Amino acid sequence: MLFKLAFRNMRRSIKDYLIYFLTLVLGVSIFYMFNSLDSQKAVLTLNNDATELIKNLGMVLGYVSVFVAVVLGILIVYANQFLIKRRKKEFGLYMTLGMSKFRISLILLMETIFVGLLSLVIGLVVGIFLSQFMTIVMAKMFEANVEKFTFVFSLEAFYKTWIYFAIMYFASIIFNTIIISRYRLINLLKAEHKQKSEKVTNPVISIIGFLLGCAGLVYIYHYFAFEAGDLLHGESIFTELPPKVLIGTVCTFLIFWSVSGVIMAISSVWKKAYFKGTNMFIIKQIGSKLHTTALSMGLICLMLFITVTMLSVSVSLTYAMNAQLNLTAPIELCISTAYTGNPVTIDTDENGDPVEPEEAVETKPEITIHDIYSDYKKAGYDMSLLKDHCQAEKYMPTDYTLLEYFDEDVRDRYAVEFVGLDKKDASYAENRDSYFKNAYLSVFNLSEYNKLAEIYGNPKIELNDDEYAFVASSSEFMSYGDTMLSRDKTIKVKGKTLKPKYDKTVWGFAQISMEADETGLWVVPDSIKFSVDDYIFGIMAATYNYDSGKTRKEIDDVFNPLFWYMQGENGNLVYTGEGEEPEAYKWYQNLVQENKTNIYIANSKGIYADAMVNSNTVLVFLAMYIGIVFLLAGTALLAIRQLSDNADNKQNYLILRKLGCDEGMINKTLFKQILTFFMAPMLLAILHSVFAIAFVIQYVGRYFDTTLFVTSCAITVVIIAVVYILYFLATYFGSKRVIK
Amino acid sequence: MENILEVQKIDKYYGTKNNLTKAVDGINFSVAKGEFVGIMGASGSGKTTLLNCISTIDRVTAGNIIVNGTDITKLKGNQLNTFRRDELGFIFQDFNLLDTLTVYENIALALTIKKENAAEIDKKVKVAAEKLDITKILEKYPYQISGGEKQRTASARAIVTDPKLILADEPTGALDSRSARHLLAALETLNKDLGATILMVTHDAFTASYANRIIFIKDGKIFNEIIKGNDTRKDFFQKIIDVQTLLGGELNDVV
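In this text the structure is predicted, and so the values were computed from the model without any measurement. (Residues numbered from 1 in each chain as written. Chains lettered and ligands numbered in written order. Predicted model: local features only at pLDDT ≥ 70, side-chain atom pairs only at ≥ 80, totals over all residues. Heavy atoms only, no water.)

1. Some details on the interface of chain A and chain B
Thinking step 1. Taken together, the contact between chain A and chain B spans 28 residues of the former and 27 residues of the latter.
Thinking step 2. Carbon and sulfur atoms supply 62% of the area buried between chain A and chain B, which totals about 2600 Å² over both sides.
Thinking step 3. For the chain A face of the interface with chain B, the top three residues by lost area are A:Phe275, A:Lys658 and A:Leu659, together amounting to 25%.
Thinking step 4. The tally of links from chain A across to chain B stands at one salt bridge.
Thinking step 5. A salt bridge links B:Glu105 to A:Lys284; the shortest N-O distance between them is 2.5 Å.
Thinking step 6. Viewed at the interface, chain B and chain A are joined by seven residue pairs in polar contact (both at pLDDT 80 or more).
Thinking step 7. Every element with two or more residues in the side of chain A that touches chain B is listed here: helix H11 (271–274), helix H12 (279–292), helix H23 (650–658) and helix H24 (663–700) of chain A.
Thinking step 8. For the side of chain A that touches chain B, the element with the most residues is H23(A), which contributes six residues.
Thinking step 9. Of the residues in the side of chain A that touches chain B, the class split is ten nonpolar, nine polar and nine charged. (Contact = heavy atoms within 4.5 Å. Buried area = accessible area lost by both parts, 1.4 Å probe. Salt bridge = Lys/Arg side-chain N within 4 Å of Asp/Glu carboxyl O. Polar contact = N/O pair within 3.5 Å; in protein donor to acceptor, adjacent residues only side chain to side chain. Helix = DSSP H or I, 4+ residues; strand = E, 2+ residues; numbered from the N terminus. Nonpolar A, V, L, I, M, F, W, Y, C, P; charged D, E, K, R; others polar.)

2. Some words on the pattern of salt bridges
Residue and element names in this part refer to chain A.
Thinking step 1. What the rule picks out here adds up to 28 salt bridges over all chains.
Thinking step 2. The salt bridge involving Asp 433 is made with Arg 432; its shortest N-O contact spans 3.0 Å.
Thinking step 3. When its relative accessible area of 22% is taken as the criterion, Asp 433 is described as partly exposed.
Thinking step 4. Note that Lys 496 and Asp 465 form a salt bridge whose closest N and O atoms lie 3.4 Å from each other. Within this pair, whereas Lys 496 is found in strand S8 (residues 496–500), its partner Asp 465 is found in the loop between helix H18 (446–456) and strand S6 (467–472), the two being separated by 31 residues in sequence. (Buried < 20%, exposed > 50% of the residue type's maximum accessible area, 1.4 Å probe, protein only.)

3. Section: the sheet that holds strand S2 (residues 20–32) of chain B
Residues and elements named next belong to chain B.
Thinking step 1. Overall, antiparallel pairing links the four strands, which are arranged S2-S1-S4-S5 in an open sheet. Looking at strand neighbours, the two that pair on one side only are S2 and strand S5 (70–71), the edges of this open sheet.
Thinking step 2. Bridging between strand S1 (residues 3–15) and strand S4 (residues 62–67) involves five bridges; their strand directions are antiparallel. Among the inter-strand pairings, Gln 8 is bridged to a residue of S4, identified as Asn 64. (Pairing = 2+ DSSP bridges.)

4. Quick notes on the nonpolar core
Thinking step 1. Counting 158 residues, the largest nonpolar core has A:Tyr625, A:Leu656, B:Ile214 and B:Ile240 as the members making the most contacts within it.
Thinking step 2. A total of 15 residues in this core trace back to one element, the largest contributor, which is helix H22 (residues 605–648) of chain A.
Thinking step 3. The two domains that each donate at least three residues to this core are domain 1 (1–195) and domain 2 (203–277) of chain A.
Thinking step 4. Every residue in contact with B:Ile240, bar those within four places of it in the chain, is listed here: B:Met40, B:Ala205, B:Ala208, B:Ser209, B:Ile214, B:Phe216 and B:Ile226.
Thinking step 5. In this structure, A:Leu333, A:Val419, A:Phe477 and A:Tyr480 belong to the second largest nonpolar core, which totals 49 residues. (Core = buried A, V, L, I, M, F, W, Y, C linked by side-chain atoms within 4.5 Å. Domains from an automatic or database assignment.)

5. Some points on the confidence of the model for chain A
All names here are of chain A.
Thinking step 1. Mean pLDDT over chain A works out to 80, with 83% of the residues at or above the 70 mark.
Thinking step 2. Ranking the elements of chain A by mean pLDDT puts strand S12 (residues 565–567) last with 56 and S6 first with 92.
Thinking step 3. Contacts of residues 357–364 to residues separated by more than four positions or lying in other chains number ten contacts, the stretch itself having pLDDT below 50. (pLDDT = per-residue confidence, 0-100.)

6. Observations regarding the sheet that holds strand S3 (residues 36–40) of chain B
Residue and element names in this part refer to chain B.
Thinking step 1. Taken in spatial order, the six strands make up an open sheet running S6-S7-S8-S3-S9-S10, and their pairing is mixed. In this open sheet, the two edge strands, each paired with only one partner strand, are strand S6 (88–91) and strand S10 (221–227). Each neighbouring strand pair of the sheet contributes to a mean axis angle of 20°, computed without reference to strand direction.
Thinking step 2. Running at roughly 150° to strand S7 (residues 165–169), helix H1 (residues 47–54) makes contact with S3, S6, S7, strand S8 (198–202) and strand S9 (213–218) of the sheet.
Thinking step 3. Contacting S6 and S7, helix H5 (residues 147–160) runs over the sheet at an angle of about 175° to S6. (Axes fitted to C-alpha atoms, helices over the stretch in contact; angles between N-to-C directions.)

Dropping the structure here:
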């Protein structure tokens, strides 16, 4: 009998609370999907790094799952309380008929088990299918080949989902029992007639609270938008940030707590709008609910905020990074070498002090410029794997330094922003200038540079015989260059004075890289000849020939291993790769020793792409996992609350009908009310996110194109909005059904 | 005198073919302008069904109901809502006030729904409140006032729109006797001094004694009709009791 009753109740409540049930199903499937990630690697051919990464990722997601389970658990307990509240009258009837509280709890227990089982089964089926989709996403992320389509099923994740959700349902059963044991029959039977007493809040206190909340938020917003950027460079982030986050959180709650009083105050002044149609009913309804549910509204707002920020930042970051990589590494391969012993580079040691040029410079050996391509060919490489290639030489003449080129103000900016010197330091000026004194210009002959620009697809340069152009890709250096070019700064190269051709920095770089980090190239006319006394660097840029039938990864594997060599102390090469040095690379040892060139360093877009995937994957997966769960939990809470509230207000809508409200008016009233409750936390969450994202942009903007980032953030927000709107519509139509 | 309400041979059946209940069975009567008519009957006699049909909350099975020249049985959908809004005023047993609104706002709501001009609203609400003696509690919320005050608020809301016909369904049902008297006196004033036409359903003889004319209903049919005429309320009350006794059952019914 109890069983039958419970089963019928469940069927009925599923119809009423479809949203809750669907959220549960989605929760289960997402839980399974992310926990089964670890087993995905079985079907993917991955390199060691990726395998390791997925293993770690699985571990991190495992820990986060505990947190996710807590969030979902809270959702379940909370939603269940609402569902029970709705059924007071039913329980009252059971009790009048002589059913004990224990047996009512038993009915609830069985219902929970039914709903739990059903949601688990459906959720797992959905989850198992979704995780197949995940395999494809992972394959794309790691550029792995799915050898053949295999159906992945993770027994571990399967069990884990069962156990975690069993615990969650168990918790909700305990809470249900507690609630039931506290009920008194008279309250149950009279639940519908119970008069709600409206707490009238003092408008003055509300307005003060609201203004305080707004002021607090303005302060926090201002801080994150304009001041917090400095934090990113220091360790103060851990001491500075928590109090700000706390203020932001408190202000969020304060605003929800006080906003209803402010609305009341406004409507008491703005009578014309207040006494129009059902407006006063809507406003009073919203006002009283917002005030009493300030805590949950604030929580929902913060959850949505975290969702919006995490999802948009992580997804956008990945998207922006990929787009950026195509910009800074437009082709697949760059092999570079320095022909002259140890060149002086603008390196700094760990304290940020400039490194003195090495003595070896004085005794550099006589060298000849190598054709890198033919060296490889001679060594037996399959050069048909490359499609186009070109080689260019870069020079660093030692008779002119950055100290002469950059004016003092630019040197200051350079030293502080880029080198990281401290202006308050006593020896600051000295350190700064000794740094620039040892830094030489990287110079290209015009035709050499244009060869590279051609293959990269970068803008080409034209010069007259007495002109130079400044090229950079790092945003800081582009601005240093712009400043100097606007001052018509001349340079002296090999004794010849050149004036700037352009008044702006030309965007470009010498080698492919992960970020826009070209720190300055000076392109000079071909008539200027360099000698072996200058530092000389060879750069070969090449594109891959995919007609060969090989993938980027496979061609990478042919050329990349040279990355694993370092020059030893006595000029010998030391293999730093994993395992034994492969026999096939021995040619390279000979090449370096016999021909007295420096090491060849091969950089490929693939390396950067992998590095990016590695650094991003954990972030993206975490953000997706937490973001999706928060979004679902937050919107489901809102939806259930609204449905339940509107069911409570059924009587009020009946009164409105009796007073002669037509259906259109009733629907409008309902719509406006639900819309307000959905929009209020979302609007504040979006406002929060805008500033949080602005904060992130300050950080990543150094490396990425900001517009690209903002666009992809906007796209993410749109996707979130779609989910949100679906929940909103479901709530609206559900409520409409309830109040009929 | 002009008839505000004409009920012509209406039937209301419930149930299926096999189990048909005739809740209202061929009832025929009319209410003239300015009348205060009571409808009495025991539980299940069909009086509430009759009121629901007149108030357009329910539909008749057969027959016509004409309110102020409009046959409401021919109205559909939103026409019904508009009709209810513009022509009728309601007083319910359980007050039906909105908890979230003050007394003032509850009364004003009837006007705002009618899309009344905001400037007019204040004036009308205050006049209505004056008539029902609730001016002092206008800023209070329903939970802060007594049952009698609630019902007077509901009455103020019913008259504020200046309806052709006020329908009251057991208005004293949830009130103590003192509040009930207070309310009925107010209704009487509305009827006498302002010429409001009131149709009140009740099963309480004392409440009914405030009406000018009483229609008794039994098993869906009109059983009797008595008119107060020049009787005092006391005499009229006695008459009502007599009819009720009669109505309560013929001797034959008692086994």
